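Given next are the chains, with one letter for each unit.
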Amino acid sequence: MGSAILSDLGAEILIPVCAVIGIVFSLVQWVLVSKVKLTPGGGREGANNGKNGYSDYLIEEEEGLNDHNVVLKCAEIQNAISEGATSFLFTEYQYVGVFMVAFAILIFVFLGSVEGFSTKSQPCTYDPLKLCKPALATAGFSTISFLLGAVTSVISGFLGMKIATYANARTTLEARKGVGKAFITAFRSGAVMGFLLAANGLLVLFIAINVFKLYYGDDWEGLFEAITGYGLGGSSMALFGRVGGGIYTKAADVGADLVGKVERNIPEDDPRNPAVIADNVGDNVGDIAGMGSDLFGSYAESSCAALVVASISSFGINHELTPMLYPLIVSSVGIIVCLITTLFATDFFEIKTVKEIEPALKKQLVISTALMTVGIAIVSFIALPSSFTIFNFGVQKVVKNWQLFLCVAVGLWAGLIIGFVTEYYTSNAYSPVQDVADSCRTGAATNVIFGLALGYKSVIIPIFAIAVSIFVSFTFAAMYGIAVAALGMLSTIATGLAIDAYGPISDNAGGIAEMAGMSHRIRERTDALDAAGNTTAAIGKGFAIGSAALVSLALFGAFVSRASISTVDVLSPKVFIGLIVGAMLPYWFSAMTMKSVGSAALKMVEEVRRQFNTIPGLMEGTAKPDYATCVKISTDASIKEMIPPGALVMLTPLIVGIFFGVETLSGVLAGSLVSGVQIAISASNTGGAWDNAKKYIEAGASEHARTLGPKGSDPHKAAVIGDTIGDPLKDTSGPSLNILIKLMAVESLVFAPFFATHGGLLFKI
């Protein structure tokens, strides 16, 4: 079969070095962002105009304004947003911490009971003549890796939020010098989060594998079974981050829009609106902390799925370390590729006009994908033997290294296709969103009809892209191929996250400009940054959903192997009832999250109305609103409302596995995957289209758009209503669904030995 060109020592050095380079690069970006000072007169006297505006005066005189109070106001608003976001996350993490400890105990008890808490070594699955570590060891190490994944996920989300709140006012201030400087500040800040998360996720996983190996020795199957807890920890924290943060942000957003924009006819982010700070806080806790945890979970799970399947293939059986670590090497090269790609946006080219923003972000996706294809080809050649065997449902399938390269590459390019299709359906530069905007002429009802139709239609090409990826990767390398295809889609995660985090940072920058009373020209620049950010956020969600489909299918394959199921027969009643119930779960979950947003928004609307009606001088701008009460309403509602959807996702695999057994559970996983992906894509794209249709009318950049405007016109009011309906779809239900399908699959994989041994109680009666 041959051996890999890259030595085991080379692989052991390459992975941590790439991770450390990613962390150092993120810190360099943070230092560059921090050079934008939040104090009046922060520029250096007599400094020459340097590249990207970091050595010239902090605030240029514009339109006769040189008001230091504006800078102080920006700093004050940023502090309020940062404090609100930090306060919410600390409150959320207290609840999540209790769950984390309780679930860790559950993992240990369930997995330890598989062999009756025996400490005796067991015959190995791949060779009954050899002895492997006891089930109790797997229980203990699975629990440790679960806690590691959970803590890493929480830290990833928290750091992302802190960086975003640090950068938003700085982006606003840079917008006074030009749109290019503001873009670079927002993008660098997104890159800090992207590289920190990608590098930390990789480094912690690599260290965990090496530490666990000290105990497991040659028992690689047991070692990589224990590592699956890492993915479960990452995704379970992401679920609460996504759902809790999503409910928070949309309750505030809907409340602010309905009363402020529709009823009172005041601008978005007007400081007179009591919900405006809560709305800006929500962007950070939902779109930044939630998205960070979500994509970390996807990365951890796809790596774990690939490692589990590889451990019972020739790599694991023959103890070939470099090929075994192939998924981690792909991610390592991804960090270097993303680093080079980021320089294209921040250093090699300079943005001078508003029109160049969106193309610059799209180029990031294309450049990273093209470079990564070359990177994967090199890695596949040096880190894999020319041919090897992969476990395929009871038999070993011979695979060539070029076939595995194609598996990763097809996932990578499918991600790009999904990204561009998402952009086409959600950007107001193209006809689908413009048609939705045009439908506002006849009111909100036609706007809603057109938006829903757009969302349903936008599912077609991404599903075909996912289907082709699955067919190619499974044909070449069975379930391992699907796992590395998912990893291929996520290999440019640092760039994807940088683009995604850029959106909320720009959104906040626009809000701060409005609240600080900056000129109309500044607001136009931040609006342009924000509109591009809306599209890139939709692209990020498309990536997250597409990768979730591949990840959950790979986890499903690993679960079927680990639970010793030879075939999943759809015609079997046990499987079919699981299939139909599993397909229902995303609808149940969406209903819970949508209603949660509605309930929280209802309280917010009542509070905002109360303040407008009872605080004298609020509308005139002579009195200050009570922002703190609105922040508290969003915090309390989201913490309370995130528990039922979270419980639904976490308890379903346990209940089905214990009472109905592994066959029914396999049906549930397949059903939730198939229906969840469709609903997630359509919900995210519908919401994104409605949002950008509203922005298209507000911007009035084309003759067509001007016939629908200006702000406050009937078509604009209809567009605001569509945007308000779409908010919970694109920022709560849609993005949370990809966690549902991944989390149920990885949880089933972790508990598979218990379900296979003790499950199916109802069928045993």
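Our structure is the block above this text.
Residues numbered from 1 in each chain as written. Predicted model: local features only at pLDDT ≥ 70, side-chain atom pairs only at ≥ 80, totals over all residues. Heavy atoms only, no water.

Visitor: Please explain the pairing of strand E3 (residues 387–392) as it appears in this structure.
Guide: The side chains of a regular strand alternate, residue by residue, between the two faces of the sheet. Of all the 6 residues making up E3, 6 are buried; the element is thus mostly covered by neighbouring parts of the structure. Neither face of E3 is left uncovered, since the one carrying Ser387, Thr389 and Phe391 and the one carrying Phe388, Ile390 and Asn392 both have all their residues buried. In this structure, E3 lies alongside strand E4 (residues 395–400), joined through 6 bridges in antiparallel fashion. Within E4, the position partnered with Phe391 by the bridge is Gln396. (Buried < 20%, exposed > 50% of the residue type's maximum accessible area, 1.4 Å probe, protein only. Helix = DSSP H or I, 4+ residues; strand = E, 2+ residues; numbered from the N terminus. Pairing = 2+ DSSP bridges.)

Visitor: Please explain helix H13 (residues 444–457) as it appears in this structure.
Guide: An α-helical turn contains 3.6 residues, so any two residues separated by three or four positions project in the same direction. Taking 1.5 Å per residue as the helical rise, H13 with its 14 residues ought to reach 20 Å, and the 20 Å between its terminal C-alpha atoms agrees with that figure. Among the residues making up H13, those that are buried are Asn447, Val448, Gly451, Leu454 and Gly455. Along H13, the residues classed as buried sweep out an arc of 130° about the axis, all on the same side. Facing away from the buried side of H13, by more than 90 degrees, are the exposed residues Ala445, Ile449, Tyr456 and Lys457. (Expected span 1.5 Å × (residues − 1). Arc of directions from axis to C-beta.)

Visitor: In this structure, what is going on with a nonpolar patch on the surface? I would like to understand it.
Guide: Where nonpolar side chains cluster on the molecular surface, the patch consists of Val570, Phe576, Ile580, Val581, Met584 and Trp588 and spans about 550 Å² of accessible area. Position of Trp588 among the secondary structure elements: in helix H17 (residues 573–614). (Patch = residues over 30% accessible without salt bridge, like charges linked within 9 Å, V, L, I, M, F, W, Y side chains within 5 Å. Areas by Shrake-Rupley, 256 points an atom, 1.4 Å probe, with all protein chains shown as cover. Salt bridge = Lys/Arg side-chain N within 4 Å of Asp/Glu carboxyl O.)

Visitor: Is there a simple way to think about unusual backbone geometry in this case?
Guide: Glycine aside, negative phi is the norm for most residues, and most peptide bonds take the trans geometry. Even without being glycine, Asn265 reaches a positive phi, approximately 55°. For Asn265, the position within the fold is in the loop between helix H5 (220–263) and helix H6 (276–311). Here the phi dihedral of His319 falls at roughly 55°; this positive angle occurs in a residue that is not glycine.

Visitor: What's the story with the pattern of salt bridges in this structure? I'm lost.
Guide: Pairing is possible between side chains of opposite charge, provided their charged atoms come close. With the rule as written, the count across this model stands at 26 salt bridges. Taking the shortest distance from any N to any O, the salt bridge between Asp530 and Lys695 comes out at 3.5 Å. Of this pair, Asp530 sits in helix H16 (residues 520–562) while Lys695 sits in helix H20 (residues 662–699), and the two are 165 residues apart along the sequence. Taking relative accessible area as the criterion, Asp530 reaches 6% and is therefore assigned buried. Residue class for Lys695 comes out buried when judged on its relative accessible area of 11%. Put simply, Arg610 and Glu607 hold a salt bridge, and the shortest N to O gap is 2.8 Å. On the criterion of helical spacing, the pair formed by Arg610 and Glu607 is a turn pair, its members being 3 residues apart in helix H17. Assessed through its relative accessible area of 39%, Arg610 is described here as partly exposed. Overall, Glu607 belongs to the buried group, its relative accessible area being 10%. Residues joined by salt bridges that share partners form a network here, namely Lys250, Asp253, Asp530, Asp691, Lys694, Lys695, Asp723, Asp727, Lys730 and Asp731.

Visitor: What exactly am I supposed to notice about the side chain of Thr138 here?
Guide: Tracing the backbone through its elements, the reader meets Thr138 in helix H3 (residues 135–174). Under the relative-accessibility criterion, Thr138 is labelled buried at 11%. Setting aside chain neighbours within four positions, we find Thr138 in contact with Tyr216, Gly222, Glu225, Ala226 and Arg562. (Contact = heavy atoms within 4.5 Å.)

Visitor: How should the nonpolar core be read in this particular structure?
Guide: Grouped burial of nonpolar side chains is what soluble globular proteins tend to show. Phe183, Ile227, Tyr326, Ile357, Tyr480 and Phe559 are the most contacted members of the largest nonpolar core, which has 230 residues in total. Examining the composition of this core, we find that 22 residues originate from one element, helix H4 (residues 179–216), more than from any other. Excluding its chain neighbours within four sequence positions, the residues that come into contact with Ile227 are Ser145, Leu205, Ala208, Ile209, Phe212, Cys304 and Leu307. Ala437, Ala689, Trp690 and Ala718 belong to the second-largest nonpolar core, a separate cluster that totals 19 residues. (Core = buried A, V, L, I, M, F, W, Y, C linked by side-chain atoms within 4.5 Å.)

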